[in-house]
Amino acid sequence: MFDAGTGCLVVVGAQWGDEGKGKLVDVLAERADVVVRYQGGANAGHTVVIGDSQFILRQIPSGILHPGVVCVVGNGVVLEPETFFGELDELAKRGIDTTGRIWVSDRAHLVLPYHKLLDLASEKSQKLGTTGRGIGPAYEDKYGRRGIRVTDLRRLECARAMLAERVERANRLLELMGSVERASFEEHLALLERLAPRLVPLSADAGLIVHRAVREGRRVLLEGAQGSLLDVDHGTYPYVTSSNTTAGGAAVGAGIGPTLIHHVLGVVKAYTTRVGNGPLPTEAPGPEGEQLRQLGGEFGAVTGRPRRCGWFDATVVRYAARVNGLTGLAVTKLDVLDSFAEIPVCIGYSLPDGLCDEMPAEVELLGQVRPRYDVLPGWQRPTGSARRLSELPDEARAYLDRLEALSGVPVRYVSVGTRRDQIIEVAGGEG
Ligand code: IMP
């Protein structure tokens, strides 16, 4: 499904994020030549487990863990430079050589400490449950045409003047928002002066790198962050992140044309989770939700917040299949359901005046829907050692068949544990 000369593969989350994209990208990156992050920032936390080590990557594509794979941070990303270099240093400490194989788009915008102050101040009035990493304010500056980009660090004198104006503006906003915090120009300047000599040599026209790689027939993987229901256009607005997490955003954020994208793999958990505020129709707030949380280790990789847990929601995944043009599904964490005697699957919603089988635009309406469930028998046996579909219990296979039929997208991968090798690749066709 991911062969040389066949264009790019995009991997997106098809729920509310945390679907296990990190592991999927890690597995697929073994066959990739180039891996690109195309949106989001340090709000993403991709967890990859290799042997006994756990890596949480926020800014660097998870492909970096494979020797020889070139990693690109695309123009659509908002880059928090300190986190980025912290990760590079941590990788070096663990013996992973990144020399010559990490590039940052010169068009990517920077997330600076004043963005974080604004994010936290804004949460006091508009409680969205953000990660507090300054993502929203950084994208606001980008679209307000006052962002500071990686390329600006090439001319520090210019960056200095921009910075003075931006910090002053941020402080005016903080005051208006009733925050006592203030950003310091000197501290920001010192940060840029310290980071520029390290960042500038890694900056490049990333779109050109990706374009050439595809044209030369190399395998290019575009790695999404967050999930489709957090997309600023298609998600549960306003409880969304500030970028286009869906596959369309991959072309824009990697700096290539959409005709270079040939496959879109949607990653879904075998159940559903969400962090932050906003509706989650299939949320199981009782002991079953707690069981999913404990068994699945459902605590945020960035913030440590407990994730809200519930059952698989086919309305969500059908919608994600449509807005992303999914060509394949990867179902993760099937093993988390091993102990359940019965597993509800949401097949659609009801409202007082009838059925509702498409995602409503109004978040209030989504908050009022009642899920219609099919209850499937559980398998109550461990699945973690299965490496083929035929090694799964019949009930688990029937469960996957049901997800596939309800979503309308073929299942290409099934993950049955956190380790790299705990994956089933389903034979046949493209993904
Ligand atoms: P922000 O992206 O920090 O602005 O947060 C906006 C919303 O997206 C909040 O509900 C966050 O919890 C959610 N969010 C952001 N990044 C992630 C992620 O990587 N996984 C899951 N949820 C996320």
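All values derive from a computational prediction rather than experimental measurement. (Residues numbered from 1 in each chain as written. Predicted model: local features only at pLDDT ≥ 70, side-chain atom pairs only at ≥ 80, totals over all residues. Heavy atoms only, no water.)

**Student:** How would you summarise the pattern of salt bridges if you had to cite specific residues and measurements?
**Tutor:** Applying the stated criterion across every chain, the model contains 33 salt bridges. Taking the shortest distance from any N to any O, the salt bridge between Arg172 and Glu168 comes out at 3.1 Å. Residue Arg172 and its partner Glu168 are both found in helix H5 (residues 156-176); the two are separated by 4 residues, about one turn of the helix. Since its relative accessible area comes to 46%, Arg172 is described here as partly exposed. In this structure, Arg397 and Asp394 form a salt bridge, with 3.6 Å as the shortest nitrogen-oxygen distance. With Arg397 and Asp394 both in helix H12 (residues 394-407), this residue pair falls 3 residues apart, about one helical turn. Each of the salt bridges in this network shares a partner with another, and the network as a whole consists of Asp18, Lys269, Glu298, Arg307 and Lys333. (Salt bridge = Lys/Arg side-chain N within 4 Å of Asp/Glu carboxyl O. Helix = DSSP H or I, 4+ residues; strand = E, 2+ residues; numbered from the N terminus. Buried < 20%, exposed > 50% of the residue type's maximum accessible area, 1.4 Å probe, protein only.)

**Student:** Which residues make up the site of the ligand, and what values go with them?
**Tutor:** Around the ligand, the structure places 15 residues, and the nearest of them are Asp18, Asn43, Thr131, Thr241 and Arg305. One nitrogen or oxygen atom from the side chain of Arg305 is found 3.0 Å from an oxygen atom belonging to the ligand. Relative to its free-state accessible area of 470 Å², the ligand is covered by the protein chains to the extent of 97%. A per-class count over the shell around the ligand returns 6 nonpolar, 7 polar and 2 charged. (Near = heavy atom within 4 Å. Polar contact = N/O pair within 3.5 Å; in protein donor to acceptor, adjacent residues only side chain to side chain. Areas by Shrake-Rupley, 256 points an atom, 1.4 Å probe, with all protein chains shown as cover. Nonpolar A, V, L, I, M, F, W, Y, C, P; charged D, E, K, R; others polar.)

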